[in-house]
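Survey of secondary and tertiary structure
Take a look at the letters that make up each chain.
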Amino acid sequence: MYPPARKDFISLTLSDPHAHNYNNGKHRRQSCWRKWKQLSRLQRSLILLLLALLLIVGLLSYPSVSQQWGGVSDRDEWLELSDRELNAAPPAVKPVLDPDAAKALAPMPVPHLGLAEVPDTVAEPQGPIIPLLAKPPIQKKTIVNKRGPPGTKRDGNASDVVAGENQQQVAVQEEEEEEGREDEDKEKKIVSWRGAMIEAEQATETPPSAAEKDAAAPPADPAATVPLEVSTVKVDRLEAVRDAFRHAWKGYRDHAWGHDELKPISKSFGEWFGLGLTLIDSLDTMWILGLKEEFEEAKNWVEKELTFNKNVDVNLFETTIRVLGGLLSTYHLSGDQLFLEKAKDLGSRLMPAFKTPSKIPFSDVNIGKGTAHPPRWTSDSTLAEVTSIQLEFRELSRLTQEPQYQEVVDEVMKLVHKLPGKHDGLVPMFINTNSGQFSHKGVFTLGARADSYYEYLLKQWLQGGKTEDDLLEDYLQAVEGVKKHLVKQTGPGRLTFVGELSHGRFVAKMDHLVCFLPGTLALGAHNGLPGDHMDLALQLIETCHQMYTQMETGLSPEIAHFSLQASDGRDVVVKPADRHNLLRPETVESLFYMYRFTNDTKYRDWGWEILQSFNKYTKVPDGGFTSINNVRDPLNPGPRDKMESFFLGETLKYLYLLFSDDPELLSLDKFIFNTEAHPLPIWPSAPK
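A short tour of the structure in this document, coming up. Note that this is a predicted model, so its numbers are computed, not measured. (Residues numbered from 1 in each chain as written. Predicted model: local features only at pLDDT ≥ 70, side-chain atom pairs only at ≥ 80, totals over all residues. Heavy atoms only, no water.)

Brief notes about the overall build of the chain
To keep it simple, the criterion reads: What counts as a helix is a DSSP run of H or I of at least four residues, what counts as a strand is a run of E of at least two, and both are numbered from the N terminus. When a residue's accessible area, from a 1.4 Å probe over protein chains only, is under 20% of the maximum for its type it is buried; when over 50% it is exposed; and in between it is partly exposed. Residues count as neighbours in contact if any of their non-hydrogen atoms are within 4.5 Å of one another. Surface accessibility in these figures is a Shrake-Rupley result with a 1.4 Å probe; residues are shielded only by whichever protein chains are displayed.
Along its length, the chain carries 22 helices and 20 strands. Looking at the chain as a whole, 54% of its 688 residues qualify as buried. Counted over contacts in the chain with a minimum sequence separation of 6, partners at least 24 positions apart contribute 73%. Surface exposure of the chain reaches about 29,700 Å², of which carbon and sulfur atoms provide 53%.

Shown next, in the form of structure tokens:
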């Protein structure tokens, strides 16, 4: 939650049992022996009698001591059991939808998306109630400070601090007491997983819910937490996502209802097109999360307040993926004809954008006047914008049986397919609406202005039943071009990343937007494309994860640069102008795909860490989440006072799907997601 809570720091220094550090124990024992010999016989007899009494007391208290030590062994068994439970594979994916049932133009049946869905839970340990005993006889291990999330380092820290495999007993009581005091001093330090001292709850705690994270009390004094206890509290990750959505929705409902975007810090709103972008972007998310009350209230606004008959210029691409896509997906999930009627009204008002000499659409259209135009400063359109509206327009034609929507967007893809100026399947970022030719040639990227072109090549092929060969050909060529020209590895950590090509010069720079690529590659491999696509996906998702874990807030910057030389020391380098985070979804989107196709629970853990970081550094107390300016400064991340609609429409939706144990919840064999995370059905056969 922003602002971050006051941080208390606990440090722990761990010693190497094999290290030969200097100590004066020998001299201390010799001195004690001399003093013992100087005592009278009576004094020595009294001391021996006292020691005998202490021994008897110790034997009488043995059952309670053994019970306390037994807790350590029980805890090790509990940790092993938790690992087995977390690594358990979810049920197998069920067969695809019956083609005969899918041919109907009615919304695709989704019975498993009922609003009364019961959440699944994942057992999570509660760090602060796993205490350190005051003086257990342990064999300490050396812990190397490695960069990585707390989830991936949890086992090492817990087992090394609480109990070792080899236990030692010291014969001389004086030496035991002296070393006991030294051990207590050492146990007051803890190694940070980001290379700096951090608060104990950040290193080990998984809060019971996202809403309670910031109210969590600091850990108790280790010396006072005896006997050892282990929490059996379950963390419901699905409910944590619902809590985050409700908190974001509260801010929007209270301060920006019916407007495009919430400004949570100033408790106001921002207007882009005046179409209620956040509300419409969130409709299918509320349905999937089972938030019935919130959905019904939003539906009532759509029915009574949403109108497209207004004199306003809208961006063709953004309006298509957010509003048209959101209405179509909500129609399919809910079956309510209201949303299809609204989608048809909007689609017809966007059609003037395609009235250009080249049939490449203008970027802006006035949905009230029925006119369209390019930006005032150029006659170019962004390639990603004109090639990432196809899924929505094609689906609108299928549902309405009006072919004009699909015809105009298919024509764009045919033109781009034949255009000269590609570089091994890679395309420039701009295309001229007058000539229909690529412009500003020589720059190739999978980031802004080009990213979703590659995504929609694959997804159109899947949407149409894998029958459109030109789309598949362009996609396969593009992936080969990416591997040949844009894929490199960092010097220090050998992280694989996708850079950019600028007039023949490689630039080691990757937008966070590019983190859509691991999920897209995995989706292609799942549908029979070459296996090395999955290999590349596995490498890239690790890099996207590191873009989060190597930042002090645990949140990725908007743009990362990468070190190519091993001597540089750090894999990810962030320039001051690129340190902002906009609550983007691309990494959690790919985590969702990777978990669905591999059942590897580490992807869930990575997503959970990201959600916790959003809660800690971007959550606004009175409602809403905010973009931040600096992911490198956990003390002052700098709120930007803006909550993008895609945080509710994409980020939280993908997190929920990632944590769900139901593979049939929007099965990837039955649905494809548009670039705004709105699910649309895969056609049973190619449209006629």
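There's plenty left to go through after this.
Looking at the packing of helix H14 (residues 390-400) against helix H15 (residues 404-418)
Here is the rule we go by: All axes are obtained by fitting lines to C-alpha atoms, using only the stretch in contact for helices, and the reported angles, taken between N-to-C directions, cover 0 to 180 degrees. The cut-offs work like this: below 35 degrees is roughly parallel, past 145 is roughly antiparallel, 65 to 115 is roughly perpendicular, and the gaps in between are oblique. Each crossing gets its hand from how the near helix is turned against the far one by less than a right angle, where anticlockwise is left-handed and clockwise is right-handed. For this classification, the nonpolar set comprises Ala, Val, Leu, Ile, Met, Phe, Trp, Tyr, Cys and Pro, the charged set comprises Asp, Glu, Lys and Arg, and every other residue, Gly included, is treated as polar.
For the pair H14 and H15, the least separation of the axes is 7 Å and the interaxial angle reads 150°. The orientation of H14 with respect to H15, classified from their angle, is roughly antiparallel. Between H14 and H15 lies a crossing of left-handed hand. Seen from H14, the contacting residues are Gln390, Phe393, Arg394, Leu396, Ser397 and Thr400; seen from H15, they are Gln404, Tyr405, Gln406, Val409, Asp410, Val412 and Met413. Residues of the contact of H14 with H15, tallied by class, amount to 6 nonpolar, 5 polar and 2 charged.

Things to note about the environment of Gln539
Tracing the sequence through the fold places Gln539 in helix H19 (residues 531-549). C-alpha of Gln539 to C-alpha of Leu495: the two residues are 44 residues apart in sequence and 7.4 Å apart in space. Apart from the residues within four sequence positions on either side, Gln539 is in contact with Gln489 and Thr496.

Here we look at the environment of Leu291
Within the secondary structure layout, Leu291 lies in the loop between helix H9 (277-289) and helix H10 (292-304). In this structure the C-alpha to C-alpha distance between Leu291 and Arg246, which are 45 residues apart in sequence, comes to 8.7 Å.

What to know about the pattern of salt bridges
Cut-off, in case you're wondering: Every case where a carboxyl oxygen of Asp or Glu lies within 4 Å of a side-chain nitrogen of Lys or Arg is listed as a salt bridge.
In this structure the tally under the stated criterion is 29 salt bridges. One salt bridge in this structure joins Glu676 and Arg322, with 4.0 Å as the shortest N-O distance. In this pair, Glu676 is assigned in the loop between strand E19 (671-673) and strand E20 (679-681) and Arg322 in helix H11 (residues 316-334), connecting sequence segments 354 residues apart. Both residues of the pair, Glu676 and Arg322, belong to the buried class. Salt-bridge contacts for Asp410 lead to Arg394; the nearest nitrogen and oxygen are separated by 3.4 Å.

Considerations on the side chain of Lys342
Stated precisely, the cut-off is as follows: When charges are counted, Lys and Arg contribute as positive and Asp and Glu as negative, whereas His and the chain ends are disregarded.
In this fold, Lys342 is placed in helix H12 (residues 337-350). Buried charge without a salt bridge: Lys342, with Asp345 as the nearest opposite-charge side chain at an N-O distance of 5.9 Å. Contact partners of Lys342, with chain neighbours within four places excluded, come to Val302, Glu303, Leu306, Phe308 and Leu327.

Looking at the state of the cysteines
The condition that has to hold: When two cysteine sulfur atoms lie within 2.5 Å, the pair is treated as a disulfide.
Under the criterion given, the structure shown has 1 disulfide. Disulfide pairing places Cys515 opposite Cys544 at an S-S distance of 2.1 Å. Handedness of the Cys515-Cys544 disulfide follows from its S-S torsion of about -105°: it is left-handed. With Cys515 in the loop between strand E16 (509-511) and helix H18 (517-526) and Cys544 in helix H19, the pair connects residues that are 29 residues apart, well separated along the chain. Residue Cys544 is classed as buried on the basis of its relative accessible area, which comes to 1%.

Considerations on unusual backbone geometry
With a phi close to 60°, Gln401 is a non-glycine residue in the positive phi region. Mapped onto the elements of the fold, Gln401 is located in the loop between H14 and H15. A positive phi angle, near 60°, is found at Leu666, a position not held by glycine. Since its relative accessible area comes to 0%, Leu666 is described here as buried.

Some remarks on the sheet that holds strand E8 (residues 380-382)
Convention followed: The pairing criterion is simple: DSSP has to find at least two bridges between the two strands.
A sheet is described by the order of its strands in space; here 3 strands give the open sequence E8-E9-E10, paired in antiparallel fashion. Each end of this open sheet is capped by a strand with a single partner; those strands are E8 and strand E10 (438-439). Both strand E9 (residues 430-432) and E10 contribute to a ladder of 2 bridges, which runs antiparallel. Of the residues in E10, the one forming a bridge with Phe430 is Ser439.

Brief notes about a nonpolar patch on the surface
Which entries qualify depends on this criterion: Patches draw on residues past 30% relative accessible area with no salt bridge. Two like charges within 9 Å are joined, as are two nonpolar side chains (Val, Leu, Ile, Met, Phe, Trp, Tyr) within 5 Å.
The grouping of Ile47, Leu48, Leu49, Leu50, Leu51, Leu53, Leu54, Ile56 and Leu60 at the surface amounts to a nonpolar patch, some 860 Å² of accessible area in total. Here Leu51 lies in helix H2 (residues 41-60).

A few points about the packing of aromatic side chains
As a reminder of what qualifies: Stacked, edge-to-face and tilted labels apply to pairs of Phe, Tyr and Trp rings (six-membered ring for Trp) whose centres lie within 6.5 Å, assigned for plane angles under 30 degrees, over 60, and everything in between, in that order.
With the rule as written, the count across this model stands at 21 aromatic pairs. Ring centres 5.9 Å apart and planes at 15° place the aromatic pair Phe245 and Trp249 in the stacked group. Residue Phe245 and its partner Trp249 are both found in helix H8 (residues 237-255); the two are separated by 4 residues, about one turn of the helix. An identical accessibility class is assigned to Phe245 and Trp249; each is buried. Consider the rings of Tyr453 and Tyr454, whose centres lie 4.9 Å apart with planes at 75°: the pair is edge-to-face.

Looking at the pairing of strand E17 (residues 559-562)
Residues of E17 alternate between two faces, with Ile559 and His561 on one and Ala560 and Phe562 on the opposite face, all of them buried. With 3 bridges connecting them, E16 and E17 associate as antiparallel partners. Across the sheet, the residue bridging to Met510 is Ala560, located in E17.

What about the packing of H10 against H12?
Packed helices, taken two at a time, are described by their axes: the angle between them and the distance between them. Running from amino to carboxyl end, H10 crosses H12 at an angle of 40°, the nearest separation of the two axes being 11 Å. Taken together, the axis directions place H10 and H12 in an arrangement best described as oblique. By crossing handedness, the relation of H10 to H12 is classed as left-handed. In contact with Phe295, Lys299, Val302 and Glu303 of H10, H12 contributes Leu338, Phe339 and Lys342. For the contact of H10 with H12, the class distribution of residues is 4 nonpolar, no polar and 3 charged.

Focus on the sheet that holds strand E7 (residues 371-373)
An order of E5-E6-E7 is seen for the 3 strands of this open sheet, with the pairing classed as antiparallel. Both edges of this open sheet fall to strand E5 (313-315) and E7, since each of them pairs with a single strand only. Put simply, the sheet's adjacent strands are angled 30° from each other on average, direction ignored. Pairing between E5 and strand E6 (residues 364-366): 3 bridges, direction antiparallel. The partner of Asn315 across the bridge, within E6, is Asp364.

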